[in-house]
Amino acid sequence: MSCYEIEALRLGLMNVLGTEDDHARQHAEQELEGHMTGPIEALAGAETLAAIERHLDAALVDLEEEIAATDEDDPEYDYLRGRLVAVRDAERAVSRITMQGEDVLAGLGEAHDVLHEAFPVDE
């Protein structure tokens, strides 16, 4: 069993961060072999944090639907629920990355404004 959402998220984050770890990329791609469709494929190919958040949300919806359609006596049921917890945790982590990035961007804007106040430029 594999956690397709997590592997696709890893690939998407590698894209966004510009990670050049070929071994990690190949491993994730092998895990996803035969499952690169829909939100999983879109998540793996995401190139922005906004796209990652959007496609991860869609993948979560699909996973929730799969859990709802699985009988509680099915041996895979507990694994699917555990996978859901892991993917929701990953979703929160991506949200934190986005918020931290936005905070850095806002801080740079404030630093820029302070510099212009301290050292006005005549135009």
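These numbers come from a predicted model, not from an experiment.

Conventions adopted
Residues numbered from 1 in each chain as written. Predicted model: local features only at pLDDT ≥ 70, side-chain atom pairs only at ≥ 80, totals over all residues. Heavy atoms only, no water. Buried < 20%, exposed > 50% of the residue type's maximum accessible area, 1.4 Å probe, protein only. Helix = DSSP H or I, 4+ residues; strand = E, 2+ residues; numbered from the N terminus. Arc of directions from axis to C-beta. Contact = heavy atoms within 4.5 Å. Polar contact = N/O pair within 3.5 Å; in protein donor to acceptor, adjacent residues only side chain to side chain. Axes fitted to C-alpha atoms, helices over the stretch in contact; angles between N-to-C directions. Parallel < 35°, antiparallel > 145°, perpendicular 65-115°, else oblique. Left-handed = near helix turned anticlockwise from the far one by under 90°. Nonpolar A, V, L, I, M, F, W, Y, C, P; charged D, E, K, R; others polar. Salt bridge = Lys/Arg side-chain N within 4 Å of Asp/Glu carboxyl O. Core = buried A, V, L, I, M, F, W, Y, C linked by side-chain atoms within 4.5 Å.

Draft legend 1. Layout of helix α2 (residues 22-32). Taken residue by residue, α2 has Ala24, Ala28 and Leu32 as its buried positions. Burial along α2 is one-sided: seen end-on, the buried residues are contained in an arc of 70 degrees. Along α2, exposed side chains directed more than 90 degrees from the buried face belong to Asp22, His23 and Gln30. The inward-facing, buried residues of α2 contact α1 (4-17) and α3 (38-44). The backbone nitrogen of His23 has a side-chain oxygen 3.2 Å away, supplied by the residue at the start of α2, namely Asp21. Of the residues one or two after α2, Gly34 is the one with positive phi, at around 85 degrees.

Draft legend 2. Representation of the packing of helix α4 (residues 49-69) against helix α5 (residues 77-118). Their axes nearest at 10 Å, the elements α4 and α5 cross at an angle of 165 degrees. Between α4 and α5, the interaxial angle falls into the category roughly antiparallel. Considering how the two elements wind past one another, α4 and α5 form a crossing that is left-handed. Taken together, the residues of the contact of α4 with α5 break down into 13 nonpolar, 2 polar and 8 charged.

Draft legend 3. Geometry of the pattern of salt bridges. Under the counting rule described, the total for this entry stands at 5 salt bridges. For Glu5, the salt bridge goes to Arg83, with nearest N and O atoms at 2.9 Å. Pair noted here: Glu5 is in helix α1 and Arg83 is in helix α5, with a separation of 78 residues, a long-range link. Taken individually, Glu5 and Arg83 each receive the classification buried, so the pair is uniform in this respect. Note that Arg83 is salt-bridged to Glu66, the shortest N-O span being 3.8 Å. Here the residue Arg83 occupies a position in helix α5, and Glu66 occupies one in helix α4, the gap between them amounting to 17 residues. Ionic contacts of the salt-bridge type, sharing partners, join the residues Glu5, Glu66 and Arg83 into one network.

Draft legend 4. Broad picture of the nonpolar core. Judged by nonpolar contacts, the single largest core of 27 residues is most densely connected at Leu9, Leu32 and Ile52. Elements represented by at least two residues in this core include exactly α1, α2, α3, α4 and α5. Leaving out residues up to four positions away in the same chain, Leu9 has contacts with Leu43, Ile52, Leu56, Ala90 and Val94.

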